[in-house]
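As a plain string of letters, each chain reads:
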Amino acid sequence: MSATDPTPAGQVPDAAGHFGRFGGRFVPEALVAALDELDAAYRKAMSDESFLAEFDALLRDYAGTPSLLYRAERFSAKIGARVLLKREDLNHTGAHKVRNVLGQALLTRRMGKRRVIAETGAGQHGVATATAAALFDLECVVYMGEVDTQRQALNVARMRMLGATVVPVTTGSRTLKDAMNEAMRDWVANVDDTHYLIGTAAGPHPFPEMVRDFVRGIGDEARAQCLDLTGALPDAVAACVGGGSNALGIFHAFVPDAGVRLYGFEAGGEGVETGRHAASITGGTSGVLHGTRTYVLQNADGQTIESHSISAGLDYPGVGPEHAWLHDSGRATYLPVTDAEAMAAFELLCRTEGIIPAIESSHALAGALKIAPALAAELGREPVIVVNLSGRGDKDVHTAGEYFGILDREQ
Amino acid sequence: MSRIGVAFDKARADGRAVLVGCMPAGFPTVEGSIAAMKAMVEAGVDVIELEIPYSDPVMDGPVIQRASDIALAGGVRTADALRIVEAVAATGAPVVTMTYWNPIEQYGVDAFARDLASAGGTGLITPDLIPEEADEWLAASDAHGLDRTFLVAPSSTDARLRMTVEHCRGFVYATAIMGVTGARSRTSDAAPVLVARVREATDLPVGVGLGVGTGAQAGTVAGYADGVIVGSALIRCLLDAPDEAGGLTALRALSAELAEGVRTPRP
C-alpha cells in the first residue's frame, strides 16, 4: 500500500484501516475528505477526557449500561455448559446498537453537522439512530429496503414517532444492501452537513475500527463481570455475526487472552449448501463491498448475491473486515447456524429462562449449544461460555409466531 | 500517446471539447448495446465510455442503476463487456471502460488489463478506487499500456488532487457536483473551479461529468473543460423509447445535439 503514515509494524488496523489484506477504503473520491474529517474527529475524541466522560455518562444514565452478566442456569443445564448471558437486550432501544449510535451522535455534534443518515435492515439500527437523533436534536433520514419496510412496519412507525424520515428503497433487491447503497448516495450529495451513521463494524475506514471502539464496552464489562462471578476467564465467547459489531464488541477485550476461544456464528439460513444463507465467511469469497475488502457473497463476476436469513439483522451479504482478518489469522472461529437451529435455541431460552431473545442473538445461543459437547470433552468439565445476548426479541414476535404456528388466524 | 490523448489533442486543435458518451455494456442486450454505441459514434460522440454493470453502483443515479439492472438481469458478464469493447473499438472511436472495483478484482486485475488491452480498450475509469488502494491496478495498467482515470471531486484537498492526477494517464475525470450521476436542470458552479484546480496540477485533459443532458449544457461545460461526459441523458433515450428503433433515433438526435454543443463552447 502506498500509505505513508508511520504505523508500527503489525498494528491492526494500520493507519489506512487495513486488517491484514482486508479493510481499507474503496469509495468515491468525493467521500475521502469526509472520511478523513471523521477519522480526525474520532481520534481526537478518543484521547479527549471530556468526550470519554460524556460518552460514559450517556451509556450509564441513558442507555443503562453496564448490562448484566447473567448466569442462565436452567438453559445451562439443558446444554451441558455454564452459560453466562451478556444482557445487551436490556439496554435502551433493546440491543447493543445504542452504544455505537450514541458514540457517533456525539461525534456528529462535535463535527458541527446537523443531519444524520442511516441504513437499516430489520429497523433496529434505524430506531437506535432515530433515538439518538431525537436526543441530540439532529435531522434524521433512514434508508430501508422497501421489502423490509413491509416486513418491519412496527419499526417504521417507531422511527417516525421519534421524528425520523424513513425512505423506502426501491432499487436492486430492495433490502439492507440496497439501503446501504442509497445511504452512500445521499452521503456523497450531502456530505457537508451530514454524517452517515453506519450501523455495523463494516464500510470504509475508519468505520470498522470506530464502531468496534464504541461497542467494545460489551467485552470490557463482560470480562470483568466473568472474573467477578466465576473467578476466572471464560473458556469461550460466542456471538452472532451479520456485519459483526456485537461480536467485535464482545471479542475485543478477550483477543489477548489466548485461552479464551472466540466463536462467531453466521446466519446459515436454509443451510450453506443450499446457497440460501448469509454466511459470508463460511460461504463467501474475498471481495470489495460497501467500501471495504472483506468476505462477500458474490458470483464469479463479482456481482453481489442476495443473502437469506430468517433474521433480518443478519441478512447481509458481507461482514466487517476485522472478522475476515480474525478468521484468516485463526484467532476466531466462524461457524454457520441454520434458521432451524437458531429458532430451536430461541424457543429453548424462552422456555427455560423467560427471556425472549432476538433471532439474531438466537444464532449465538444455538452456537453455544453446538460447541458445548466438544468443548466439554476437550476440557474434561463443563465449559464456561459467555454468550452475547445482543438484542431482545420483541421485534421478532411476528416472525417467531409464524415460524412456530402459534398466531391465531386473523379475524 | 493513447488514442484518447489523440482525440483530446485533435479537439483542442479544432477549438472544441471532446464528447464522451456513456452506455452500460449489455443494455438493453449485448447486441443492442453495440448498436447503441455505434449509433452514438455515427452521430458525433468522440469517445465511448463503456460501463461494466455492477450490482451495487454507489456513484450512479437511478437511470444508470436501472440500465445496469436490466443488463445484469439479461445475464451480461465481464467477458461479454470485453467483447463489446472490441466491437465498438472497431469503429475507430476510442473506448474507455468504467466500472467499480469488485468486478475487476474478481476477473483478476492483470488478466483484465491484458484482455482489455487486447480488445482495443484505451483504459479504465475507477469510481470507487482511490490511488492509495490501487497498487495492483497501477502495475497492471503499466504492464499493458492502459490509461488510468481516477476521479477528483470538489471536496478533494489540493494535496489529494495533486496526488490523484499524478496517478492518472489519458485524462482526469472531474466530478462536477457532489452527488450521483444523472442529468440535472443546471450544471454546477463548482465545476469550473475544480477544472481550474486540476489545470494547476497537470497538463492532462480534464473531462467533466455528472449532470449534463442538453446541447446547451454541453456548450457551457465545453467553455472550460476538455471533455464533456454524458451518461444518464443518453441512456434515458433508450429507457423511455417504445421500441429499439425509436430508442436509437432518439439516441442519435441527442448525440448530434451534444456534438453540436461541444463545438460551440460558451465562455
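Residues numbered from 1 in each chain as written. Chains lettered and ligands numbered in written order. Predicted model: local features only at pLDDT ≥ 70, side-chain atom pairs only at ≥ 80, totals over all residues. Heavy atoms only, no water.

Novice: What should I look at first to understand the overall build of chain A in this one?
Specialist: Scanning chain A from terminus to terminus reveals 16 helices and 14 strands. By the compact-globule yardstick of 22 Å for 411 residues, chain A fits well, its C-alpha radius of gyration being 20 Å. Taking the principal axes of its C-alpha atoms as reference, chain A extends roughly 60 × 55 × 50 Å. Counting over 411 residues, chain A shows a buried share of 63%. At a minimum sequence separation of 6, the contacts of chain A that also span at least 24 residues come to 73%. Just so you have it, chain A exposes about 14,600 Å², and 51% of that area is on carbon and sulfur atoms. (Helix = DSSP H or I, 4+ residues; strand = E, 2+ residues; numbered from the N terminus. Rg over C-alpha atoms; globule rule 2.2 N^0.38 Å. Buried < 20%, exposed > 50% of the residue type's maximum accessible area, 1.4 Å probe, protein only. Contact = heavy atoms within 4.5 Å. Areas by Shrake-Rupley, 256 points an atom, 1.4 Å probe, with all protein chains shown as cover.)

Novice: Even after reading the chapter, I still don't get the overall build of chain B, so can you show me in this structure?
Specialist: Assigned secondary structure in chain B consists of 12 helices and nine strands. Computed over the C-alpha atoms, the radius of gyration of chain B is 17 Å, within 12% of the 18 Å expected from 2.2 N^0.38 for a compact globule of 267 residues. If one aligns the C-alpha atoms of chain B with their principal axes, the spans along those axes are about 45 × 40 × 30 Å. The buried share among the 267 residues of chain B stands at 64%. Here the contacts in chain B between residues at least 6 apart in sequence split such that 72% fall between residues at least 24 apart. A total of about 9,100 Å² of accessible surface is found on chain B, and carbon and sulfur atoms cover 53% of it. Averaging the positions of the 21 positive and the 33 negative side-chain charges in chain B gives two centres separated by 5 Å. (Lys, Arg positive; Asp, Glu negative; His and termini not counted. Charge placed at Lys NZ, Arg CZ, Asp CG, Glu CD.)

Novice: Honestly, the nonpolar core in this entry has me stumped. Any pointers?
Specialist: Side chains of nonpolar character tend, in soluble globular proteins, to be buried together. Of all hydrophobic cores here, the largest spans 80 residues; its most connected members are Leu102(A), Leu107(A), Met159(A), Trp187(A) and Tyr196(A). If you tally residues by element for this core, the top one is helix H1 (residues 29–46) of chain A, at nine residues. Ranked by size, the runner-up nonpolar core spans 79 residues in total, among them Leu19(B), Ala25(B), Ile104(B) and Leu116(B). (Core = buried A, V, L, I, M, F, W, Y, C linked by side-chain atoms within 4.5 Å.)

Novice: What is the right way to look at the side chain of Ser311(A) in this model?
Specialist: Residues and elements named next belong to chain A. Relative to the elements of secondary structure, Ser 311 occurs in the loop between strand S12 (292–296) and helix H13 (321–329). Reaching out from Ser 311, the side chain makes a polar contact with the side chain of Glu 360 at a distance of 3.1 Å. Setting aside residues no more than four positions away along its own chain, Ser 311 makes contact with Ile 359, Glu 360 and His 363. (Polar contact = N/O pair within 3.5 Å; in protein donor to acceptor, adjacent residues only side chain to side chain.)

Novice: Help me understand the packing of helix H4 (residues 78–89) of chain B against helix H6 (residues 109–119) of chain B, please; the structure alone is not making it clear to me.
Specialist: Angle between the axes and distance between the axes are the two parameters that describe a pair of packed helices. Residue and element names in this part refer to chain B. Between H4 and H6, the shortest axis-to-axis distance is 8 Å and the interhelical angle comes to 25°. Compared by their axis directions, H4 and H6 come out roughly parallel. Counted together, Thr 78, Leu 82, Val 85, Glu 86 and Ala 89 of H4 and Phe 112, Asp 115, Leu 116 and Ala 119 of H6 form the full contact between these two elements. Taken together, the residues that form the contact of H4 with H6 break down as six nonpolar, one polar and two charged. (Axes fitted to C-alpha atoms, helices over the stretch in contact; angles between N-to-C directions. Parallel < 35°, antiparallel > 145°, perpendicular 65-115°, else oblique. Nonpolar A, V, L, I, M, F, W, Y, C, P; charged D, E, K, R; others polar.)

Novice: Please explain the confidence of the model for chain B as it appears in this structure.
Specialist: Where the model shows low pLDDT, its predicted coordinates should not be examined in detail. When pLDDT is averaged along chain B, the result is 94; 96% of the residues meet or exceed 70. Model confidence for the complex is summarised by a pTM of 0.95, with the ipTM given as 0.95. (pLDDT = per-residue confidence, 0-100.)

Novice: Sorry, what's going on with the pattern of salt bridges here?
Specialist: Here the idea is simple: oppositely charged side chains can pair when their charged atoms come close. Residue and element names in this part refer to chain A. Under the criterion given, the structure shown has 43 salt bridges over all chains. Its salt-bridge partner being Arg 43, residue Glu 209 comes within 2.9 Å of it at the nearest N-O pair. With Glu 209 in helix H9 (residues 207–215) and Arg 43 in helix H1, the pair connects residues that are 166 residues apart, well separated along the chain. Judged by its relative accessible area of 9%, Glu 209 is buried. (Salt bridge = Lys/Arg side-chain N within 4 Å of Asp/Glu carboxyl O.)

Novice: What is the right way to read the interface of chain A and chain B from this model?
Specialist: Bring the parts together and some accessible area is lost; that lost area is often taken as the interface size. Contacts between the two partners involve 36 residues from chain A and, on the opposite side, 37 residues from chain B. In total, about 3,000 Å² of surface goes out of reach between chain A and chain B, with carbon and sulfur atoms giving 46% of it. Viewed at the interface, chain B and chain A are joined by four salt bridges. Ionic pairing is found between Arg77(B) and Asp301(A), a salt bridge with its closest N-O pair at 2.8 Å. At the boundary of chain A with chain B, the tally comes to 23 residue pairs in polar contact (both at pLDDT 80 or more). Among the elements of the structure, H1, helix H8 (176–190) and strand S11 (285–289) of chain A are those that each provide at least two residues to the side of chain A that touches chain B. Of the residues that constitute the side of chain A that touches chain B, the class distribution is 14 nonpolar, 13 polar and nine charged. (Buried area = accessible area lost by both parts, 1.4 Å probe.)

Novice: Would you explain the environment of Leu407(A) in this entry?
Specialist: Residue and element names in this part refer to chain A. Turning to its location among the elements, Leu 407 is positioned in the segment after helix H16 (397–404). In sequence terms Leu 407 and Val 397 are 10 residues apart; their C-alpha atoms lie 9.7 Å from each other. Each residue touching Leu 407, except ones within four places of it in the same chain, is listed here: His 398, Gly 401 and Glu 402.

Novice: Is there a simple way to think about H4(B) in this case?
Specialist: Side chains three or four residues apart in an α-helix point the same way, a direct result of the helix having 3.6 residues per turn. All names here are of chain B. Compared with an ideal rise of 1.5 Å per residue, which puts 12 residues at 16 Å, H4 spans 16 Å between its outermost C-alpha atoms and is within 8% of the ideal. All of the buried residues in H4 are Thr 78, Asp 80, Ala 81, Leu 82, Ile 84, Val 85, Val 88 and Ala 89. For H4, the secondary structure elements touched by its buried residues are helix H1 (3–13), helix H2 (30–42), strand S2 (47–51), strand S3 (95–98), helix H5 (101–107) and H6. (Expected span 1.5 Å × (residues − 1).)

Novice: What's the story with the side chain of Arg293(A) in this structure? I'm lost.
Specialist: Within the secondary structure, Arg293(A) sits in strand S12. For Arg293(A), a relative accessible area of 13% gives the class buried. A polar contact is formed between the side chain of Arg293(A) and the side chain of Glu105(B), at a distance of 2.6 Å. Those residues in contact with Arg293(A) that lie beyond four places of it in its chain are Arg21(A), Phe22(A), Gly23(A), Phe26(A), Ser286(A), Gly287(A), Val288(A), Pro321(A), Trp101(B) and Glu105(B).

Novice: Looking at this structure, I do not really get the sheet that holds strand S8 (residues 194–196) of chain A. What am I missing?
Specialist: Paired through backbone hydrogen bonds, the strands of a sheet run either parallel or antiparallel to each other. Residue and element names in this part refer to chain A. What the four strands build is an open sheet, ordered S7-S6-S5-S8; its pairing is parallel. Single-partner strands in this sheet number two, and they are strand S7 (165–169) and S8. Pairs of neighbouring strands in the sheet enclose a mean axial angle of 25°, with direction left out of account. Summarising the sheet, strand S5 (residues 115–120) and S8 pair through three bridges and their orientation is parallel. Within the sheet, the bridge partner assigned to Ile 117 lies in S8 and is Tyr 196. Where helix H5 (residues 124–136) meets the sheet, its contacts fall on S5 and strand S6 (139–145), and the angle it forms with S5 comes to roughly 165°. (Pairing = 2+ DSSP bridges.)

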